[in-house]
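Chain and residue survey
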Amino acid sequence: MNYILAILLPPLSILLTGRPILGIVVFFIWIPALIFSGGLTHPMFIVLAWLLIFQSRERVRL
């Protein structure tokens, strides 16, 4: 479920992985990046969110 949320709202997904400060910072960078680039930077934030979700799942598994 979190991976689908990462596609739609990467900052919220990062926030839900247990990284609240990073989620807030990414939110304040994500909004202007979407506006000024026309959505071209959105995949960068999706990849960041997916990596953090994967990292948090690996940390739980260990």
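A brief structural summary. (Residues numbered from 1 in each chain as written. Predicted model: local features only at pLDDT ≥ 70, side-chain atom pairs only at ≥ 80, totals over all residues. Heavy atoms only, no water.)

**Points about the packing of aromatic side chains**
Let me state the cut-off plainly: Any pair of Phe, Tyr and Trp rings, taking the six-membered ring for Trp, is counted once the centres come within 6.5 Å. Such a pair is stacked with planes under 30 degrees apart, edge-to-face with planes over 60 apart, and tilted for the rest. By definition, any uninterrupted DSSP run of H or I lasting at least four residues is a helix, any uninterrupted run of E lasting at least two residues is a strand, and each is numbered from the N terminus.
Scanning all chains against the criterion turns up two aromatic pairs. Geometrically, the ring pair formed by Tyr-3 and Trp-50 is edge-to-face, given 5.3 Å between the ring centres and 75° between the ring planes. Here Trp-50 lies in helix H4 (residues 42-61) and Tyr-3 lies in helix H1 (residues 2-8), a separation of 47 residues in the sequence. Ring centres of Phe-27 and Phe-28 lie 5.6 Å apart, and the angle between their planes is 65°; on these two criteria the pair is classed as edge-to-face.

**Describing helix H3 (residues 20-37)**
To keep things clear, this is the line we draw: Every helix has an expected span of 1.5 Å times one less than the residues it contains. Classification of residues uses two cut-offs on accessible area relative to the type maximum, computed with a 1.4 Å probe and protein chains only: under 20% is buried, over 50% is exposed, and between them is partly exposed. A contact between two residues is defined here by any heavy atoms of the two lying within 4.5 Å.
Its 18 residues give H3 an end-to-end C-alpha distance of 25 Å, which sits within 8% of 26 Å, the value for a rise of 1.5 Å per residue. Of all the positions in H3, only Gly-23, Val-26, Trp-30 and Ala-33 are classed as buried. Summarising the contacts, the buried residues of H3 are in contact with H1, helix H2 (10-16) and H4. One or two residues past the end of H3 sits Gly-38, with phi positive at roughly 75°.

**Focus: the side chain of Ser-13**
In this fold, Ser-13 is placed in helix H2. The buried category is assigned to Ser-13, whose relative accessible area is 0%. The residues contacting Ser-13, other than those within four sequence positions of it, are Asn-2, Leu-5, Ala-6, Ala-49 and Ile-53.

**Structural notes on the environment of Val-25**
Here Val-25 lies in helix H3. Distance in space between the C-alpha atoms of Val-25 and Arg-57 is 22 Å, their sequence separation being 32 residues.

**Examining the environment of Arg-19**
Position of Arg-19 relative to the elements: it lies in the loop between H2 and H3. Since its relative accessible area comes to 27%, Arg-19 is described here as partly exposed.

**Concerning the packing of H3 against H4**
The criterion, for reference: Angular values range over 0 to 180 degrees, each being the angle between N-to-C directions of two axes fitted as lines to C-alpha atoms, with helices fitted over their stretch in contact. Should an angle fall under 35 degrees it is called roughly parallel, over 145 degrees roughly antiparallel, and 65 to 115 degrees roughly perpendicular, with every other angle called oblique. Left-handed describes a crossing whose near helix is turned anticlockwise from the far helix through less than a right angle; right-handed describes the clockwise counterpart. Polarity classes work like this: nonpolar for Ala, Val, Leu, Ile, Met, Phe, Trp, Tyr, Cys and Pro, charged for Asp, Glu, Lys and Arg, and polar for all others, with Gly in that last group.
The geometry of H3 relative to H4 is characterised by a closest axis approach of 10 Å and an angle of 160° between their N-to-C directions. When the interaxial angle is binned, H3 and H4 end up roughly antiparallel. As for how H3 packs across H4, the hand of that crossing is left-handed. Note on element contacts: H4 touches H3 through His-42, Phe-45, Leu-48 and Leu-52, opposite Leu-22, Val-26, Ile-29, Trp-30, Ala-33 and Leu-34. Of the residues in the contact of H3 with H4, the class split is nine nonpolar, one polar and no charged.

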